[in-house]
Amino acid sequence: MKKREVFLNGIFRENPIFRLVLGMCPTLAVSVSMANGLGMGLAVTFVLACSNLIIALLRNVIPKEVRIPCFIVIVATFVTITDKVMAAAVPGLHEVLGIFIPLIVVNCIILGRAEAFASRNTVGRSLFDGLGMGLGFSLSLVVISFFRELLGTGRLLAAGDFGFPGLQIFAEEYGALMLILPPGAFITLGLLLAGINWWSAKKGEEK
Amino acid sequence: MARRPYIPWEQLRLMLVLTLICAVSGGFLALVDRATAPRIQARAEQAVLQSLAFCLPGADEFQEVEAGPLLARMNADKEVRAVFRGFAGGVPAGVVVNLETRGYGGPVSLMVGITEDGRVARVKVLNHSETPGLGSKITEERFLEQPALRRAGREYPPALTQDGGEVQAVAGATISSRAVVRGINRALEVAGTVGEGFTAHSGSGPEENKQGNGGGDKE
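**Student:** Would you mind going over the overall build of chain A with me for this structure?
**Tutor:** Helix and strand counts for chain A come out as eight helices and two strands. When the elements of chain A are put in sequence order from the N terminus, they spell out α-α-α-α-α-α-α-β-β-α. Relative to the compact-globule value of 17 Å for 207 residues, chain A shows a C-alpha radius of gyration of 18 Å, a close match. The buried share of chain A, reckoned over its 207 residues, is 45%.

Structure below.
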């Protein structure tokens, strides 16, 4: 597999949310608005790319008996860095994402990629895998939060932190409130998953 | 003949690698913390100052008030977090009370500004975990800046229409709205004791405190 394919693999064929269905907890909780979804996605992408890089670099040094603790220490280091930097640079977003930033440590996508990919591939390929998977995750979050924010509040791209009220597409009173509540996360994700599976099944038939 | 001691090289290697990784990580984190901590703290302080200025328009200087025995008695449930006295050009302009009341989804952290003559200046919701789209609307101007709340004060304690008052609750979020109204009433109570149960940070003993009592009444 070429690097380009490794990169695209994370976005489409093995998309962490819509294909592997990994890392559901932050996905469901954070996808209330596109700004949150994108913020969370970028944080995960950064951690994933950095930890993949370091783990691939150290893959011949880390003994396999203690590989999991080593991976977790490396991942936790990058998560803490992200957490601190976000608190200093974008405190509003940091507050909204709250507990889900430290919880990136236990996001199965990250440990999953460390174990399944970075620990047995070259540095370059691992970096592209991390970036691809991270962007796949971000993209999926943005898609889910697009539907939830639009149908739930009638607004798009609202980002209070940056003083941007968002684009009012239709009046908030007509929004389906349920979509920004927890059940809305499950319903949106379920429908999107069904849609994607239906589409890829249909495409498979044509071939 | 002395047997050669068994040295578990393999285990030592595992320990060494893990220890090294932890040490390097720790070092990195110390650097990051050093770089970001002052900024994070400055941001937090700035945020507090901004909220104070928002709640008590016109005031340009704030001084945290130390809790006296009266407040300690009133604040048995530890709802009141901090009390600030605001000054406008050196003249006392009012009191800002930071407190936490119980909402629907958890604690609601409020900041309530009260002018010297006992009227509610402005209210800000600092933090809450109310239901998004329902209870979360307590942070909006439509609720916080409604006429019934703008009029509120010591002589005119606010209450929800459901409780016989005039404050319109957020639709579908009576509990959240009630939490805010209760917080405002609590703040009015607390602000009324400033000068009696409170001593300024500059530090006056309980004796002087009693004298301050008379001064407080004149206001």
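**Student:** It is not clear to me how the overall build of chain B should be interpreted in this structure. Could you clarify?
**Tutor:** If you tally the helices and strands in chain B, you get six helices and six strands. Listing each helix as α and each strand as β along chain B from the N terminus yields α-β-α-β-β-β-β-α-α-α-β-α. Evaluated residue by residue, chain B yields a buried proportion of 31% over its 219 residues.

**Student:** I'm lost on the pairing of strand β5 (residues 120-127) of chain B in this one. Help?
**Tutor:** Along any regular strand the residues' side chains alternate between the sheet's two faces. Here strand β4 (residues 107-115) of chain B runs beside β5(B); their pairing, made up of five bridges, is antiparallel. Pairing of B:Met111 across the sheet is with B:Lys124, part of β5(B).

**Student:** Quick question: what am I supposed to make of the interface of chain B and chain A here?
**Tutor:** For an interface, size is often stated in terms of accessible area lost upon the parts coming together. Listed as interface residues are 18 residues of chain B and, on the opposing side, 22 residues of chain A. In terms of residue class, the side of chain B that touches chain A is built from 10 nonpolar, four polar and four charged.

**Student:** Sorry, what's going on with the environment of A:Pro183 here?
**Tutor:** Looking at the secondary structure, you find A:Pro183 in helix α8 (residues 182-206). Linking A:Pro183 and A:Pro69, residues 114 residues apart in sequence, is a C-alpha distance of 35 Å.

**Student:** How should the nonpolar core be read in this particular structure?
**Tutor:** Generally speaking, soluble globular proteins have nonpolar side chains that are buried together. Counting residues in hydrophobic clusters, the biggest one holds 50 residues, and the most contacted among them are A:Ala43, A:Val47, A:Ile74 and A:Val75. Sorting the residues of this core by element identifies α1 (3-11), α3 (34-57), α4 (67-89), α5 (91-97), α6 (108-116), α7 (123-153) and α8 of chain A as the ones contributing at least two each. At 12 residues, the largest contribution of residues to this core is made by α3(A). When residues no more than four places from it in sequence are discounted, the contact partners of A:Val47 are A:Val75, A:Phe78, A:Val79, A:Thr82, A:Ile104 and A:Ile110. Within the second largest apolar cluster, 38 residues are counted, among which are B:Val83, B:Val112, B:Ala173 and B:Ile184.

**Student:** Hey, could you run me through α1(A) in this one?
**Tutor:** Because the α-helix completes a turn every 3.6 residues, residues three or four places apart line up on one side. All names here are of chain A. Of the positions making up α1, those classed as buried are Val6, Phe7, Gly10 and Ile11. Looking straight down α1, one finds its buried side chains confined to an arc of 140°; they lie on one side. Among the exposed residues of α1, those pointing more than 90 degrees away from its buried face are Arg4 and Glu5. Buried residues belonging to α1 abut α7.

**Student:** Mind showing me how you'd approach the packing of α1(A) against α7(A) here?
**Tutor:** Angle between the axes and distance between the axes: these two values describe a pair of packed helices. Residues and elements named next belong to chain A. Where α1 meets α7, the closest approach of the two axes is 6 Å, and the angle between their N-to-C directions is 25°. Of the possible angle classes, the one that applies to α1 and α7 is roughly parallel. You can see that α1 and α7 cross each other, and the crossing is right-handed. In contact with Lys3, Val6, Phe7, Leu8, Asn9, Gly10 and Ile11 of α1, α7 contributes Gly124, Arg125, Phe128, Asp129, Leu131, Gly132, Met133, Leu135, Gly136 and Leu139. In the contact of α1 with α7, the residues fall into nine nonpolar, five polar and three charged.

**Student:** Honestly, the environment of A:Met24 in this entry has me stumped. Any pointers?
**Tutor:** Residues and elements named next belong to chain A. Tracing the sequence through the fold places methionine 24 in helix α2 (residues 24-30). Methionine 24 sits in the partly exposed class, given 15 other C-beta atoms within 10 Å. Taking the C-alpha atoms as reference, methionine 24 lies 21 Å from tryptophan 198; in sequence the two are 174 residues apart.

**Student:** Looking at this structure, I do not really get helix α1 (residues 9-55) of chain B. What am I missing?
**Tutor:** Residues and elements named next belong to chain B. When the terminal C-alpha atoms of α1 are compared, their 66 Å separation across 47 residues agrees well with the 69 Å that a helix rising 1.5 Å per residue should span. Threonine 36 marks where α1 bends most, by close to 40°; the proline proline 38 follows one to four residues later. Among the residues making up α1, those that are buried are Ile21, Ser25, Leu52 and Cys55.

**Student:** Which parts of the structure should I look at to understand unusual backbone geometry?
**Tutor:** For residues other than glycine, phi is negative in most cases, and the peptide bonds are mostly trans. If you check the backbone angles, A:Val21 has positive phi at about 50° while not being a glycine. By secondary structure assignment, the location of A:Val21 is in the loop between α1 and α2.

Thresholds, definitions, all that
- Residues numbered from 1 in each chain as written.
- Chains lettered and ligands numbered in written order.
- Predicted model: local features only at pLDDT ≥ 70, side-chain atom pairs only at ≥ 80, totals over all residues.
- Helix = DSSP H or I, 4+ residues; strand = E, 2+ residues; numbered from the N terminus.
- Rg over C-alpha atoms; globule rule 2.2 N^0.38 Å.
- Buried ≥ 20, exposed ≤ 12 C-beta atoms within 10 Å, placed from the backbone.
- Pairing = 2+ DSSP bridges.
- Contact = placed C-beta atoms within 7 Å.
- Nonpolar A, V, L, I, M, F, W, Y, C, P; charged D, E, K, R; others polar.
- Core = buried A, V, L, I, M, F, W, Y, C linked by C-beta atoms within 7 Å.
- Arc of directions from axis to C-beta.
- Axes fitted to C-alpha atoms, helices over the stretch in contact; angles between N-to-C directions.
- Parallel < 35°, antiparallel > 145°, perpendicular 65-115°, else oblique.
- Left-handed = near helix turned anticlockwise from the far one by under 90°.
- Expected span 1.5 Å × (residues − 1).
- Bend = angle between axes of the 7 residues up to and from the residue.

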